[in-house]
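Structure at a glance
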Amino acid sequence: MEQRIDYYNVVPEALKIMMEMERYTKTTGIHRNLRELIKIRASQINGCAYCLNMHTADARKMGETEQRIYCISAWSECKFYTDAEKVALELTEYVTLIPTKRVPDELYQRVRKHFDERQYVDLILIINQINNWNRISISMGNIATEK
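None of these values were measured; they are calculated from a predicted model.

1. Here we look at the nonpolar core
Within the largest apolar cluster, 15 residues are counted, with the highest numbers of intra-cluster contacts made by Ile38, Leu91, Val111, Phe115 and Leu123. Listing elements by their share of this core, those giving two or more residues are helix 3 (32–46), helix 6 (83–96), helix 8 (105–112) and helix 9 (117–140). For this core, the leading source of residues is helix 6, giving five residues. Not counting the four nearest positions on each side in its chain, leucine 91 is found in contact with Val103, Leu107, Val111, Tyr120, Leu123, Ile124 and Ile127.

2. Some words on unusual backbone geometry
In most cases, non-glycine residues show a negative phi, while peptide bonds are predominantly trans. Despite not being glycine, arginine 102 has its phi angle at roughly 60 degrees, a positive value. On the secondary structure map, arginine 102 appears in the loop between helix 7 (98–101) and helix 8. Take arginine 102: its relative accessible area is 54%, and that puts it in the exposed class.

3. What about a nonpolar patch on the surface?
Together, Ile5, Val10 and Val11 make up a nonpolar patch on the protein surface, roughly 230 Å² of accessible area in all. Positionally, isoleucine 5 belongs in the segment before helix 1 (7–10).

4. A short note on the packing of helix 8 against helix 9
Two numbers describe how helix 8 lies on helix 9: the axes approach to 10 Å, and their chain directions differ by 120 degrees. When the interaxial angle is binned, helix 8 and helix 9 end up oblique. Our pair here, helix 8 against helix 9, has a crossing hand that is right-handed. Facing Tyr108, Val111 and Arg112 of helix 8, the residues of helix 9 in contact are Glu117, Tyr120 and Leu123. Residues of the contact of helix 8 with helix 9, tallied by class, amount to four nonpolar, no polar and two charged.

5. Some points on the packing of aromatic side chains
Counted by the stated rule, this structure contains three aromatic pairs. Residues phenylalanine 80 and tyrosine 81 carry aromatic rings whose centres are separated by 5.2 Å and whose planes lie at 50 degrees to one another, so their mutual orientation is tilted. The class of phenylalanine 80 is partly exposed, set by a relative accessible area of 28%. Between lysine 101 and the ring centre of tyrosine 94, over which it is positioned, the NZ or CZ distance is 4.5 Å.

6. So, helix 2 (residues 12–26)
The end-to-end C-alpha separation of helix 2 is 21 Å, in line with the 21 Å expected for 15 residues at 1.5 Å each. Among the structural elements, helix 1, helix 3 and helix 9 are those in contact with the buried residues of helix 2.

7. Some words on the pattern of salt bridges
Scanning the entire structure with this criterion turns up nine salt bridges. Taking the shortest distance from any N to any O, the salt bridge between glutamate 90 and arginine 110 comes out at 2.8 Å. Placement of the pair is glutamate 90 in helix 6 and arginine 110 in helix 8, with a sequence separation of 20 residues. Using a relative accessible area of 26% as the deciding quantity, one classes arginine 110 as partly exposed.

The rules behind each value
Residues numbered from 1 in each chain as written. Predicted model: local features only at pLDDT ≥ 70, side-chain atom pairs only at ≥ 80, totals over all residues. Heavy atoms only, no water. Core = buried A, V, L, I, M, F, W, Y, C linked by side-chain atoms within 4.5 Å. Buried < 20%, exposed > 50% of the residue type's maximum accessible area, 1.4 Å probe, protein only. Helix = DSSP H or I, 4+ residues; strand = E, 2+ residues; numbered from the N terminus. Contact = heavy atoms within 4.5 Å. Patch = residues over 30% accessible without salt bridge, like charges linked within 9 Å, V, L, I, M, F, W, Y side chains within 5 Å. Areas by Shrake-Rupley, 256 points an atom, 1.4 Å probe, with all protein chains shown as cover. Salt bridge = Lys/Arg side-chain N within 4 Å of Asp/Glu carboxyl O. Axes fitted to C-alpha atoms, helices over the stretch in contact; angles between N-to-C directions. Parallel < 35°, antiparallel > 145°, perpendicular 65-115°, else oblique. Left-handed = near helix turned anticlockwise from the far one by under 90°. Nonpolar A, V, L, I, M, F, W, Y, C, P; charged D, E, K, R; others polar. Phe/Tyr/Trp six-rings, centres within 6.5 Å; stacked < 30°, edge-to-face > 60°. Lys NZ or Arg CZ within 6 Å of the ring centre and 35° of its normal. Expected span 1.5 Å × (residues − 1).

See below:
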């Protein structure tokens, strides 16, 4: 499959808004490595090879280990993610699968033990941003390519 539409050129004003949100997410108090882990996990769930390829490469450039990248889909069974990372990854799964999972109060309370009110909102925005990118990328036919 080839990219179906050059959407950056068809609707540049919409993509400008997406890029502004992307810039905002980089200014949050959420550590950049955790942002990449969230993007990887959501992209795994959504099956977005294009975004997986991009964000695993970005995570490596930031110093993330191969072990942590490879095991992200089984984060709950690993001791090398922090409790804060684990709860953020769990939140990622619940938000990504919101039609069936929702975000239960119990999970919200566990997230809030590690993240303040603003950070919680920022986590939700980061999770939603990558889910949005995944859906755009898949719908437009973006594919992962070897570098």
